[in-house]
Amino acid sequence: MDNSFHIIIPSRYASTRLPGKAMADIAGRPMIQRVIEQCRKSDADSVIVATDDERISEVAKKSRAISVMTSGHHRSGSERVAEAARIMDLDDYEVIVNVQGDEPGMPPSLINQVARAVPDCGLRAMSTAVTPIRSGSEMTEPSVVKVVMNAGGDALYFSRSPIPFDRNRNEPNLSYAKRHIGIYGYRTEFIRDYAGMAPCPLEELEQLEQLRVLWHGGQIKCVQVDNLPPTGVDTEQDLEAFRSYFSLK
């Protein structure tokens, strides 16, 4: 079996919650460089940065990644990945892993796991990663995305709210939910089709791009991992945590 794959990192400068975070300094290097370095430790054939900003593009090139300039009007990282795959003229059956540009702690082993799950997916399926929810506070925190799955390990729904809800106990049930890790694997054909799908109401309500796949009848295979990797950078506090982490390495 051909285990080759490409990583595409969608990265924009104008982040809503933390503007300019892709270029934020983390122990002497821009965050996007830290992400690239993690990706280069995986088994990927190539690391591609899809951006709309020349500053990010220059760092990508200096970090030995391929830089692709994309539109500044994408609604999500997946749409940006789709445009980059088209510009790169990747074959329909090439495997792509979408590692988000604010994940400087993403383990290379997890990237490999998500990539290896793609060949087992059907043509209307993609892969992602999940890990156990270990506390009630995780369950109620909106920044923690929850997912419930069917018996085969495919996602039924993703939400920022506590799911599922135990009606008899009048409280959320931690037994059937997992915590979603924001990394995606798919074939070029799939992500191209995704870009052609109309955005759905649930995607816009929850602000979760993967709900578009489920809305239009696609499948999302969940790769289960035991340990939660370092969470991405959404706040100044997250950024400070990574600065401390990398300064000790």
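Before reading on, note that the structure itself is shown above.
How each quantity is defined
- Residues numbered from 1 in each chain as written.
- Predicted model: local features only at pLDDT ≥ 70, side-chain atom pairs only at ≥ 80, totals over all residues.
- Heavy atoms only, no water.
- Core = buried A, V, L, I, M, F, W, Y, C linked by side-chain atoms within 4.5 Å.
- Buried < 20%, exposed > 50% of the residue type's maximum accessible area, 1.4 Å probe, protein only.
- Helix = DSSP H or I, 4+ residues; strand = E, 2+ residues; numbered from the N terminus.
- Contact = heavy atoms within 4.5 Å.
- Pairing = 2+ DSSP bridges.
- Phe/Tyr/Trp six-rings, centres within 6.5 Å; stacked < 30°, edge-to-face > 60°.
- Lys NZ or Arg CZ within 6 Å of the ring centre and 35° of its normal.

A. Summary view of the nonpolar core. If you look at the biggest cluster of nonpolar residues, it comprises 37 residues, and the most contacted ones within it are Ile 7, Ile 9, Val 97, Val 99, Ile 111 and Ile 183. Counting only elements with at least two residues in this core, the list comes to strand S1 (6-11), helix H1 (31-40), strand S4 (46-51), helix H2 (54-62), strand S6 (95-99), helix H4 (108-117), strand S12 (177-187) and helix H9 (236-247). Those residues within four positions of Val 97 in sequence are excluded, and the remaining contacts are Phe 5, His 6, Ile 7, Ile 8, Ile 111, Val 114, Ala 115, Ile 183, Tyr 184 and Gly 185. One finds Val 130, Val 145, Tyr 184 and Val 213 within the second-largest nonpolar core, a separate group that totals 29 residues.

B. Region of interest: the pairing of S6. Extensive coverage of S6 is indicated by the burial of five of its five residues. Of the two faces of S6, the one holding Val 95, Val 97 and Val 99 and the one holding Ile 96 and Asn 98 are both buried throughout. Pairing between S1 and S6: three bridges, direction parallel. Directly across from Ile 7, in S6, lies its bridge partner Val 97.

C. Region of the structure containing the packing of aromatic side chains. A complete count under the given rule lists three aromatic pairs for this structure. An angle of 15° between the planes, with centres 6.1 Å apart, marks the rings of Tyr 186 and Phe 190 as stacked. The exposure class of Phe 190 is buried, given its relative accessible area of 5%. Between the aromatic rings of Tyr 245 and Phe 246, the centroid separation amounts to 5.0 Å while the plane-to-plane angle is 80°, which identifies the pairing as edge-to-face. Taken together, the ring pairs in this structure connect Phe 242, Tyr 245 and Phe 246 into an aromatic cluster. The ring of Tyr 13 carries the charged tip of Arg 55 above its face, separated from the ring centre by 3.8 Å.

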